[in-house]
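So the chains spell out like this:
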Amino acid sequence: MSKKQALTEFHRGSILAAAERLFTEKGTEKTTMDDIAREAEYSKATLYVYFQSKEEIINAILLSGLVLLRKKLHEAIESPAGWLERYDAVCRVIVRFYDENPTAYDAATGVMPLPGASEEVQKGQADIIRVAGEIDQEMAAFLVSGTEEGVVRSKLPPMETVMLFWAALSGIIHMAEFREEFLKKTLGVTREEYLSHGARLLLDALSGDSQKGGLGRPLVGPNRFSFFRGCPLRTY
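Since this is a predicted model, take the numbers as computed values, not measurements.

Peer 1: How do you make sense of the overall build of the protein chain when you look at a structure like this?
Peer 2: For the protein chain, the count of helices and strands is ten helices and zero strands. Put simply, the protein chain runs from its N terminus to its C terminus through helices and strands in the order α-α-α-α-α-α-α-α-α-α. The proportion of buried residues among the 236 residues of the protein chain is 44%. Residue pairs at least 24 apart in sequence account for 65% of intrachain contacts in the protein chain once pairs closer than 6 positions are excluded. Roughly 12,600 Å² of accessible area belongs to the protein chain as shown, and the carbon and sulfur atoms make up 57% of that amount.

Peer 1: How should the nonpolar core be read in this particular structure?
Peer 2: Soluble globular proteins: nonpolar side chains tend toward being buried together. By size, the foremost hydrophobic cluster in this structure holds 58 residues, and its most contacted members are Ile15, Ile36, Ile57, Tyr87 and Ile94. The contact partners of Ile57, leaving out residues within four places of it in the chain, are Ile15, Leu16, Ala19, Phe23, Met33, Ile36, Leu47 and Phe51.

Peer 1: Got a minute to help me understand the environment of Tyr42 in this structure?
Peer 2: Turning to its location among the elements, Tyr42 is positioned in the loop between helix 2 (33-40) and helix 3 (44-50). Between the alpha carbons of Tyr42 and Ile15 there is a distance of 8.4 Å; along the sequence they are 27 residues apart. Discounting residues that sit within four places of it in the chain, Tyr42 has contacts with Phe10, His11, Ser14, Ile15 and Ala37. Of the polar contacts made by the side chain of Tyr42, one reaches the side chain of His11; its length is 2.6 Å.

Peer 1: I keep staring at the packing of helix 5 (residues 83-100) against helix 10 (residues 191-207) and nothing clicks. Help me out?
Peer 2: The angle between the axes and the distance between the axes are what describe a pair of packed helices. Running from N to C, helix 5 and helix 10 cross one another at 135°; their axes reach a closest spacing of 11 Å. Looking at the two axes, helix 5 sits oblique to helix 10. Both helix 5 and helix 10 take part in a crossing whose hand is right-handed. Note on element contacts: helix 10 touches helix 5 through Arg191, Leu195, Ala199, Arg200, Leu202, Leu203 and Leu206, opposite Trp83, Leu84, Tyr87, Asp88, Cys91, Val95, Tyr98 and Asp99.

Calculation rules
Residues numbered from 1 in each chain as written. Predicted model: local features only at pLDDT ≥ 70, side-chain atom pairs only at ≥ 80, totals over all residues. Heavy atoms only, no water. Helix = DSSP H or I, 4+ residues; strand = E, 2+ residues; numbered from the N terminus. Buried < 20%, exposed > 50% of the residue type's maximum accessible area, 1.4 Å probe, protein only. Contact = heavy atoms within 4.5 Å. Areas by Shrake-Rupley, 256 points an atom, 1.4 Å probe, with all protein chains shown as cover. Core = buried A, V, L, I, M, F, W, Y, C linked by side-chain atoms within 4.5 Å. Polar contact = N/O pair within 3.5 Å; in protein donor to acceptor, adjacent residues only side chain to side chain. Axes fitted to C-alpha atoms, helices over the stretch in contact; angles between N-to-C directions. Parallel < 35°, antiparallel > 145°, perpendicular 65-115°, else oblique. Left-handed = near helix turned anticlockwise from the far one by under 90°.

This is the structure in structure tokens:
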């Protein structure tokens, strides 16, 4: 990479980091290009040298996040551990991705719609859809391998099972995030414990163990509540 390319990537990265901070704080709709320029400490004219619109910035954040998620999921799935341990690792990767890339996560799971506008923005969306599809394909193959090992017993097509898994886990993650205090007061469980129970419940559904004691089955590992230990919790 030439010095000019390195400098361009540095400035783009600074702008994207500033924009993601604002998107997390204010939401994408309420964030303006003026806000992003101010947060990144660039002039608006300089901002437009690197990105032509807010939609282009959003797409760049989403694509970067999804590429990272694809890499981390691939590493978890391809590890030499057993299927159950790899399932645990997959869930940890997804929760960590939400904690570190909330905007990209919400777009990937359909909570936040992708922006639509110029041809350049649409090209960025095509890349996002392609990477998201590759993630789903790898997840589907992972479920098939679980079936071959006798762990997964879902009778649904693998891709439909993947879509249901994403929907269910996303609901659990958002509940743990936005109602953390409620869960503590009413159920007496921490965010970490709730996420652990939710991931285990999904595994029970995949494996057919809901008729065999469900949450009574211990988690992989020595500590029943260590499933998401080490995942950074978002703070505000």
